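Here is what each chain is made of, one letter per residue.
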Amino acid sequence: MSRHEIAPERLPGATAVVLDVLLATTTLVTILENGARRVFPVATLEEAEALCEKLDDGTLLRGGEQDALAIEGYDHGPYPEEYPPEVVSGKDVVFVTTNGTRAIAQAAPAGELLIASLRNAPAVAEYLQAKGPDSVYIICAGSRGRFVLDDFAGAAVLLSCLDTGGWRLNDAATLALELGGRCTGRVLEVLKASRSGRWFVENGRLPTLEFAAEVGASGTLARVRDGQLTEIRKEG
C-alpha cells in the first residue's frame, strides 16, 4: 500500500512491481520508450549527483522533483511531456523523485523488479501471466508513507488484467481487484478524485493526468537491473 511496507528480506527470488502512477513510473516508462540510451532511477539527490559525476556531461540529462518542486540545476522536472523523443533520444537520464524512485531502490533485492504504470499495466500483466512467478509483490509507492488512491488504482487495473484464478491473493490485492472492476472505463475519473489528481486539475496539468490515465497506451516492459532501467524485449 506504500513503500514503507516493503520488507526487503521477503523480496529475494520474488518478482516486485513498483507503481507510482503520479508520476515517477509513468514518466520513467515514457523516457525509456522515447529512446533514451540509459535511464537511471535513483533514490536521493546525493546518489544522483554521485552518479552524474561518472557520466558524460554531453549526453546527460538530470530530471525529477523533490517535495513536488523542480530541482535547482536540473534539466527537467517529473512530467512525461518533458521527455519527448527529440529530447531524450540517445541520452543518459538520471531521474530522482520523492517517492517513486525511492520505492524502486527499496525493492532492489527482488529477483526481478518491474516498473508499471496505468499506461503499460496490461503489458506487465501479460508478462507476469506468461512467466508465472511463484511470488509477486505489487508495490504502491504512496506518498510519505501514506496510502494514495492513484497508485492503488494502478494496482487495481494491473490485477484486473491478470487471470488471478491460480493465484493466492492477500487482503490488499483482493481489495484492489474489487476496485479494478469498478475502475473499468472510469480510470480518469478515479484519478481526478485522488488528492494528487486534484492537484493536477487545479494547477493546469489535466493533460498530464489524462496521459497517465491512458490504460494500455504503452506496450513497454521496463525492468530495473543494477540500478538501470532497461526494456524487456518480447520474443518474436
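Residues numbered from 1 in each chain as written. Predicted model: local features only at pLDDT ≥ 70, side-chain atom pairs only at ≥ 80, totals over all residues. Heavy atoms only, no water.

Student: Teacher, can you tell me more about the overall build of the chain here?
Tutor: A count of helices and strands for the chain gives 10 helices and eight strands. For 236 residues, the compact-globule estimate of 2.2 N^0.38 gives 18 Å, and the chain sits close to it at 17 Å. For the chain, the spread of C-alpha atoms along the principal axes amounts to about 50 × 40 × 35 Å. Counting across all 236 residues of the chain, residues that qualify as buried make up 53%. Considering only intrachain contacts with a sequence separation of at least 6, the fraction spanning at least 24 residues in the chain is 76%. Accessible area of the chain: about 11,000 Å², with a carbon and sulfur share of 48%. Of the side-chain charges in the chain, 23 are positive and 33 negative, and the distance between the mean point of each set is 2 Å. (Helix = DSSP H or I, 4+ residues; strand = E, 2+ residues; numbered from the N terminus. Rg over C-alpha atoms; globule rule 2.2 N^0.38 Å. Buried < 20%, exposed > 50% of the residue type's maximum accessible area, 1.4 Å probe, protein only. Contact = heavy atoms within 4.5 Å. Areas by Shrake-Rupley, 256 points an atom, 1.4 Å probe, with all protein chains shown as cover. Lys, Arg positive; Asp, Glu negative; His and termini not counted. Charge placed at Lys NZ, Arg CZ, Asp CG, Glu CD.)

Student: Whenever I open this one, the environment of Phe95 confuses me. Can you help?
Tutor: Its place among the elements puts Phe95 in strand E4 (residues 92–96). We classify Phe95 as buried; its relative accessible area is 0%. A sequence separation of 32 residues divides Phe95 from Gly63, and the C-alpha atoms of the two residues are 4.8 Å apart.

Student: What am I meant to see in the packing of aromatic side chains here?
Tutor: What describes a pair of aromatic rings is the distance from one ring centre to the other and the angle between the planes of the rings. Counting across every chain of the model gives four aromatic pairs. With centroids separated by 6.1 Å and ring planes inclined at 75°, the aromatic side chains of Tyr83 and Phe95 adopt a geometry described as edge-to-face. Residue Tyr83 is found in the loop between strand E3 (60–64) and helix H3 (85–88), and its partner Phe95 is found in strand E4; the two are separated by 12 residues along the sequence. A residue is classified by how much of its surface remains accessible, and Tyr83, at 0% relative accessible area, is buried. Each residue in the set Tyr79, Trp199 and Phe200 is aromatic and connected to the rest through ring pairs, giving one cluster. A cation over an aromatic ring shows up here: Arg119 above the ring of Phe211, its NZ or CZ 3.6 Å from the ring centre. Its guanidinium or amino end placed over the ring of Tyr79, Arg205 lies 3.6 Å from that ring's centre, counting from NZ or CZ. (Phe/Tyr/Trp six-rings, centres within 6.5 Å; stacked < 30°, edge-to-face > 60°. Lys NZ or Arg CZ within 6 Å of the ring centre and 35° of its normal.)

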